[in-house]
Amino acid sequence: MSDPTDMKHTSTCGDFLSIGDLTLKSRLLLGTSGYPSLQVMLESIAASGSQFITVAIRRMNLGDTQEEGFLSTIRSLPVNLLPNTAGCYTAKEAVLVAELAREALETDWIKLEVIGDDETLMPDVEQLLKAASELVLAGFKVMVYSNDDPITCRKLADIGCEAVMPLASPIGSGMGIVNPYNLQLIRELLPDTPLLVDAGIGTASDAALAMELGYDGVLLNTAVSKAKHPVRMAAAMKHAVEGGRLAHLAGRIPRRFYAQASSPMSGRIGHS
């Protein structure tokens, strides 16, 4: 019988997230856009426990004094920076933004996004695959935002992306995981690839479900930054990711169509 005081059996202690050459205690990655203030953003990052923070490069003026202040604040935090190519619509744009990010932030890590249109913000698969291939060849460590298509995700993994990040639902929608079947299929097809659910998470139960499906982490932004109380939601997401991961490691009971008594039926009082 296992010792109930043994933390290996009662927590995720020692269960780290490995992506490329990074080893992280937290499996929650947090965005930095849309917060009501810089102070709320900083408090939310602290409450989330996140060690990997994503920053949109295209939407920032790197020469602006205010933006420089924002970047210097972010860079002073005890976190890893993950610049992203949000707002790019072609492979050419995404590669250029990634190169600018590498020069400005002195990192080879990039979150790759190539969007198809302004209405759905869904990935343009053709341009996404092209950009991923070029960036990997250029020495970037690519974490790629993708639709929840198993074939596209497998192609991105084959290209050499460090992590593949299929969406739960459209960016900023808060709809949660709308196609758990596809996410499960992607997990089964890519057992050795770091997989994170990215986009569409609305609340803590969505993040927990993503982890229960066997995903290695969750990347989110709007669910925290646009919450009524961002700092509280950041803390909720932290615990949801940890709880979902622990539940996945524990292994859930099988689903049954009919009830099954938890106590034995034999030996009941008055039962012959």
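Here the structure is a predicted model, which is why all the values come from computation and not from measurement.

About the cut-offs
- Residues numbered from 1 in each chain as written.
- Predicted model: local features only at pLDDT ≥ 70, side-chain atom pairs only at ≥ 80, totals over all residues.
- Heavy atoms only, no water.
- Helix = DSSP H or I, 4+ residues; strand = E, 2+ residues; numbered from the N terminus.
- Contact = heavy atoms within 4.5 Å.
- Areas by Shrake-Rupley, 256 points an atom, 1.4 Å probe, with all protein chains shown as cover.
- Salt bridge = Lys/Arg side-chain N within 4 Å of Asp/Glu carboxyl O.
- Buried < 20%, exposed > 50% of the residue type's maximum accessible area, 1.4 Å probe, protein only.
- 1 Å grid on protein atoms, 1.4 Å probe; cavity = no way out; pocket = protein on both sides within 12 Å on 5 of 7 lines; lining within 4 Å.
- Points joined across faces, edges and corners; volume = space filled by probe spheres on them.
- Nonpolar A, V, L, I, M, F, W, Y, C, P; charged D, E, K, R; others polar.
- Core = buried A, V, L, I, M, F, W, Y, C linked by side-chain atoms within 4.5 Å.

A look at the overall build of the chain
So, point 1. On a plain count of helices and strands, the chain comes out with ten helices and ten strands.
So, point 2. Sequence-distant contacts in the chain: of pairs separated by 6 or more residues, those separated by 24 or more amount to 64%.
So, point 3. About 14100 Å² of surface is accessible on the chain, with carbon and sulfur atoms providing 52% of the total.

A short note on the pattern of salt bridges
So, point 1. Under the definition given, this model contains eight salt bridges.
So, point 2. Between Arg27 and Asp15 there is a salt bridge whose closest N-O contact spans 3.2 Å. Placement of Arg27 in the loop between strand E2 (22-24) and strand E3 (28-31) and of Asp15 in the loop between helix H1 (7-10) and strand E1 (17-19) is noted, with a sequence separation of twelve residues between them.
So, point 3. Judged by its relative accessible area of 7%, Arg27 falls in the buried class.
So, point 4. By relative accessible area, Asp15 is classed as buried at 18%.
So, point 5. Its salt-bridge partner being Lys141, residue Asp21 comes within 2.7 Å of it at the nearest N-O pair. Of the two residues, Asp21 is situated in the loop between E1 and E2 and Lys141 in strand E7 (residues 141-146); the sequence distance between them amounts to 120 residues.
So, point 6. The class of Lys141 is partly exposed, set by a relative accessible area of 21%.
So, point 7. When salt bridges with common partners are traced through the structure, they connect Asp15, Arg27 and Arg245 into a single cluster.

Structural notes on the layout of surface pockets
So, point 1. Taken as a whole, the largest pocket holds about 540 Å³ of empty space.
So, point 2. Along the wall of the largest pocket there are 33 residues; nearest its centre are Lys111, Glu113, Ile171, Asn221 and Thr222.
So, point 3. When the residues that make up the lining of the largest pocket are grouped by side-chain class, the tally is twelve nonpolar, 15 polar and six charged.

Describing the nonpolar core
So, point 1. One finds Leu112, Ile201, Val218, Leu220 and Met237 to be the most contacted residues of the largest nonpolar core, which totals 64 residues.
So, point 2. Among the elements that make up this core, the one with the highest residue count is helix H4 (residues 91-105) (seven residues).
So, point 3. In contact with Met237, other than residues within four places in its own chain, are Leu28, Ile201, Gly202, Thr203, Ala204, Ala207, Leu220, Ala223 and Val224.
So, point 4. The next biggest cluster of nonpolar side chains, apart from the first, holds 13 residues, and it includes Leu17, Leu24, Trp109 and Met165.

Considering unusual backbone geometry
So, point 1. Positioned with a positive phi, Leu121 is a non-glycine residue whose angle comes to about 55 degrees.
So, point 2. Tracing the chain through its elements places Leu121 in the loop between strand E6 (109-112) and helix H5 (125-137).
So, point 3. What makes Leu121 partly exposed here is its relative accessible area of 24%.
So, point 4. Within the chain, Ala199 stands out as a residue other than glycine whose phi angle is a positive 90 degrees.

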